[in-house]
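# Coordinate analysis (summary)
What follows is each chain in one-letter form.
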Amino acid sequence: MRALLASSVSAACTAALVIPVLGLPRASASAAPSQPSTPSKPYMPYVPDLSGMSTVPTVPDATDATDATDAPDVPGSTQSLALEPLPGLYRAGGGSGVQGLAPREVGAFSLVGVVWDDVDAALHGTVQVRTRAAGSGAWSAWQDVETHNDEHGADPDSTERAEGGPVRGSTAPLWVGASDAVEVRVRPEAPGGEELRGVTPPLPQGLRLELVDPGKAEEAEVQGPGEGDGSEEPDVLEESAEPDVLEEEVEVEEAEGSEAPQDSEDPQDSEEPDGDGADAPEGAEGPAAAPGDGELPAGGARSDAGPAQAAALTAESAAASAVNADLAPLGADVIAAQTKAQTEAEAGLYGVRKPYIGARPRIITRKGWGADETLREKQFVYTNGIKAAFVHHSATGNRYTCAQAPSVLRSIYRYHVESSGWRDFGYNFAVDKCGNIYEGRAGGVAKAVLGAHTRGFNSNSMGIAVLGTYSATTPPAAVLTAVARLTAWKLGMYGVDPTTTTYLTSAGGNKFTKGTQARLNTISGHRDGFETDCPGSRLYSKLGATRSASAKFQGR
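Note that the structure is a prediction, hence the values are computed from the model and not measured. (Residues numbered from 1 in each chain as written. Predicted model: local features only at pLDDT ≥ 70, side-chain atom pairs only at ≥ 80, totals over all residues. Heavy atoms only, no water.)

This brings us to the state of the cysteines. Here a disulfide denotes a covalent bond joining the sulfur atom of one cysteine to the sulfur atom of another. Counted by the stated rule, this structure contains one disulfide. Two residues share a disulfide in this structure: Cys 402 and Cys 434, whose sulfurs sit 2.0 Å from each other. On the sign convention where negative means left-handed, the S-S torsion of about 90° between Cys 402 and Cys 434 marks this disulfide as right-handed. One end of the pair, Cys 402, is in the loop between strand S14 (388-393) and helix H7 (405-419); the other, Cys 434, is in the loop between strand S15 (429-431) and strand S16 (437-439), and 32 residues separate them in sequence. (Disulfide = S-S within 2.5 Å. Helix = DSSP H or I, 4+ residues; strand = E, 2+ residues; numbered from the N terminus.)

Structure representation (structure tokens):
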């Protein structure tokens with residue numbers, strides 16, 4: 001997500017153009033319903049047949065559509081529309097012209113993205129969309145979609161990429177809210193950012209617009225701005241302290257990733273170089289030595305989940321919940337926060353006796369945000385341990401409310417699996433703008449689950465996605481506090497000091513070649529391991545203070 005194409009929505013986005021409903025063409029059916037549970041088959045997303053309708057059925061506006069707690073569950077869906085050459089727009093001789101779609105009515109959707117056939121092909125150009133809000137008929141201004149998304153995903157030679165379903169190239173997804181019509185244009189440009197007037201580079205083959213509807217699901221309670229998570233730990237990243245404390249610490253603590261030096265390092269400042277980086281065996285059960293395995297301690301803090309709730313689970317949902325059974329009852333929507341003393345006592349019962357472990361924060365489970373467990377691959381995949389955390393921004397834009405965050409997650413999840421061809425949600429955790437923490441990829445929040453978040457460094461690490469775009473927007477203090485609390489707990493379970501560095505073995509990327517022992521901060525930004533804008537300059541500049549806060553939460 002390079003700064004070149006960093007998405008930002010100007011004040012012009014609030015201006016709306018109302019276009020009569022009947023004046024737009026309708027999307028026609030071109031594919032059968034998808035079969036995400038069998039990734040070995042080509043993905044065939046569903047495109048609704050609207051040819052017999054005078055108007056497209058509308059849904060309430062974005063807030064109403066995602067906040068309805070008394071409505072029954074409605075499955076999500078994905079519409080996939082092939083892009084076409086746009087007539088009348090510039091096309092260089094022998095090169096590529098602009099592709100896109102003229103304004104048209106479609107089924108309900110809330111998130112958009114563009115995919116193409118070859119995951120290794122780069123999209124040199126810009127992608128812009130504008131959408132019509134469901135119900136009001138108001139059109140948005142043109143919005144940029146982040147095109148550089150290849151730095152996310154599974155490692156080049158991983159099982160997920162080599163043996164799963166067809167993995168596709170993709171832009172970052174963009175959250176647009178409940179919508180019922182769309183227009184898109186993809187304009188080729190030279191790699192340097194300037195449009196060529198001679199021969200333009202070709203656009204990737206098989207460009208398709210993906211329109212994702214998150215559906216409706218029973219969701220856990222999401223806390224708003226300023227609400228605590230139930231723990232007794234104080235906030236150390238308050239808004240009032242942010243301008244002075246955060247910026248000062250950044251200058252002395254921030255460091256880009258670097259290759260391992262030839263001479264020896266101070267053992268107090270960094271760990272030994274990584275091993276072979278091999279992943280633990282696949283399986284529905286967690287690795288034997290992973291923190292979180294063991295008997296439940298008596299009297300531990302737990303979320304409410306009764307026998308009826310557990311009995312209502314599908315087999316897939318039960319499996320995703322069972323790997324957290326040491327932390328919450330089967331079928332729980334939330335893993336409750338603990339005090340530091342409770343966390344240390346519980347970790348001791350698990351055989352984890354590390355001197356510095358932060359209090360476990362409140363975590364909304366996959367069930368709590370309404371994940372459809374039939375979409376993902378059935379087996380969970382683990383890595384050897386956790387040596388570092390990579391912080392990302394999702395680049396989905398900031399036009400969402402915290403109450404809509406579960407819908408945003410369901411949309412990204414469906415986009416990762418159905419549209420991009422990944423085995424599951426890519427990140428291990430997500431954090432919304434109010435500081436709510438969410439379980440990401442299935443396998444157990446306390447376990448070393450292998451993610452698809454930082455190309456080249458998914459092994460022995462975890463990925464945290466902050467929902468939003470933070471290239472030009474400063475993240476709220478609640479976000480930084482949540483990241484600090486989460487890393488204090490999870491890194492502490494694996495004996496990691498958030499303020500030091502470690503070595504990770506690169507699986508290949510544009511910054512570190514395959515096999516390189518890269519020295520990285522134990523809390524790094526995505527750009528430390530890959531040449532990218534992610535996690536956005538404004539969020540990246542706060543990571544120094546976040547490391548210090550995480551260490552303070554650990555009691556250092």
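The rest of the description comes next.
A ring pair, where both rings are aromatic, is described by two values, the distance of the centres and the angle of the planes. All told, the structure shown has four aromatic pairs when counted by the stated rule. When the ring of Phe 425 is compared with that of Tyr 427, the centres are 5.8 Å apart and the planes differ by 65°; the resulting orientation is edge-to-face. Each of the two residues, Phe 425 as well as Tyr 427, counts as buried. Ring pairs connect the aromatic residues Trp 369, Tyr 413, Phe 425 and Tyr 427, which therefore count as one cluster. Taking the ring centre of Trp 142 as reference, the NZ or CZ of Arg 185 above it sits at 3.8 Å. Over the face of the ring belonging to Tyr 413 we find Arg 366, whose NZ or CZ atom lies 5.1 Å from the ring centre. (Phe/Tyr/Trp six-rings, centres within 6.5 Å; stacked < 30°, edge-to-face > 60°. Buried < 20%, exposed > 50% of the residue type's maximum accessible area, 1.4 Å probe, protein only. Lys NZ or Arg CZ within 6 Å of the ring centre and 35° of its normal.)

Before going further, it helps to examine the nonpolar core. By size, the foremost hydrophobic cluster in this structure holds 35 residues, and its most contacted members are Phe 429, Ile 464 and Trp 489. At the level of secondary structure, the elements contributing two or more residues to this core comprise S14, S15, strand S17 (461-466), helix H8 (477-493) and helix H10 (537-540). Among the elements that line this core, the one with the most residues is H8, at eight residues. Setting aside anything within four residues of it in sequence, one finds Phe 429 in contact with Ile 363, Ile 437, Tyr 438, Glu 439, Gly 440, Val 445, Met 462, Gly 463, Ile 464, Ala 465, Leu 486 and Lys 490. Formed by 24 residues, the second largest nonpolar core is a distinct cluster that contains Ala 371, Tyr 413, Tyr 415 and Ala 430. (Core = buried A, V, L, I, M, F, W, Y, C linked by side-chain atoms within 4.5 Å. Contact = heavy atoms within 4.5 Å.)

Take the pattern of salt bridges next. Under the definition given, this model contains 14 salt bridges. Across the pair Arg 132 and Glu 105 runs a salt bridge, and its minimum N-O distance is 3.8 Å. Remark: Glu 105 occurs in strand S4 (residues 99-116) and Arg 132 occurs in strand S5 (residues 125-133); sequence separation between them is 27 residues. Of the residues examined, Arg 132 reaches a relative accessible area of 1% and is grouped as buried. The structure contains a network of salt bridges with shared partners spanning Arg 366, Glu 373, Arg 376 and Asp 424. (Salt bridge = Lys/Arg side-chain N within 4 Å of Asp/Glu carboxyl O.)

Attention shifts here to unusual backbone geometry. With an omega of 10°, the peptide bond between Cys 534 and Pro 535 qualifies as cis. Inspection of the secondary structure assignment puts Pro 535 in the loop between helix H9 (526-529) and H10. Its identity as a non-glycine residue notwithstanding, Ala 395 has a phi of 60°, on the positive side. Inspection of the secondary structure assignment puts Ala 395 in the loop between S14 and H7. For Ala 395, a relative accessible area of 4% translates into the label buried. Here the phi dihedral of Asn 460 falls at roughly 60°; this positive angle occurs in a residue that is not glycine. With respect to the helices, strands and loops of the structure, Asn 460 is situated in the loop between S16 and S17.

The buried fraction of S5 is high, at eight of nine residues. Pairing of S5 with strand S9 (residues 174-188) involves nine bridges; the strand directions are antiparallel. Along S9, the bridge assignment pairs Ala 133 with Ser 179. (Pairing = 2+ DSSP bridges.)

Our next topic: the side chain of Arg 130. With respect to the helices and strands, the residue Arg 130 is situated in strand S5. Looking at Arg 130, its side chain comes within polar contact range of the side chain of Glu 183, at 2.6 Å. (Polar contact = N/O pair within 3.5 Å; in protein donor to acceptor, adjacent residues only side chain to side chain.)

We now examine the sheet that holds strand S13 (residues 363-364). Pairing in this open sheet of seven strands is mixed, and the strands run S12-S13-S16-S15-S17-S14-S20 from one edge to the other. Looking at strand neighbours, the two that pair on one side only are strand S12 (334-335) and strand S20 (523-525), the edges of this open sheet. Summarising the sheet, S15 and S17 pair through three bridges and their orientation is parallel. The residue bridging Val 431 from the neighbouring strand is Val 466, located in S17. Along the sheet, helix H11 (residues 543-553) makes contact with S14 and S20, crossing S20 at roughly 160°. (Axes fitted to C-alpha atoms, helices over the stretch in contact; angles between N-to-C directions.)

It is worth spelling out the environment of Ala 488 at this point. One can find Ala 488 in helix H8. The exposure class assigned to Ala 488 is buried, which follows from its relative accessible area of 0%. Residues in contact with Ala 488, not counting those within four places in the same chain, are Ile 357, Gly 358, Ser 550, Phe 553 and Gln 554.

Quick look at the packing of H8 against H11 now. Contact pair H8 / H11: the axes reach a minimum separation of 8 Å and the direction vectors enclose 50°. Taken together, the axis directions place H8 and H11 in an arrangement best described as oblique. The two elements H8 and H11 meet at a crossing, and its hand is right-handed. The residues of H11 that touch H8, namely those facing Leu 480, Thr 481, Val 483, Ala 484, Arg 485, Thr 487 and Ala 488, are Thr 546, Ala 549, Ser 550 and Phe 553. (Parallel < 35°, antiparallel > 145°, perpendicular 65-115°, else oblique. Left-handed = near helix turned anticlockwise from the far one by under 90°.)

On to the side chain of His 453. Within the element layout of this structure, His 453 appears in the loop between S16 and S17. For His 453, a relative accessible area of 0% puts it in the buried group.

Quick look at the pairing of S17 now. On a regular strand, one side chain projects to one face of the sheet and the next to the other, so that they alternate. Of all the six residues making up S17, six are buried; the element is thus mostly covered by neighbouring parts of the structure. With burial as the criterion, each face of S17 is covered, one bearing Ser 461, Gly 463 and Ala 465 and the other bearing Met 462, Ile 464 and Val 466. Two strands pair when backbone bridges link them, and S14 and S17 are joined in this way by six bridges, in the parallel orientation. Each bridged residue has a counterpart across the sheet, and for Ala 388 the counterpart in S17 is Ser 461.

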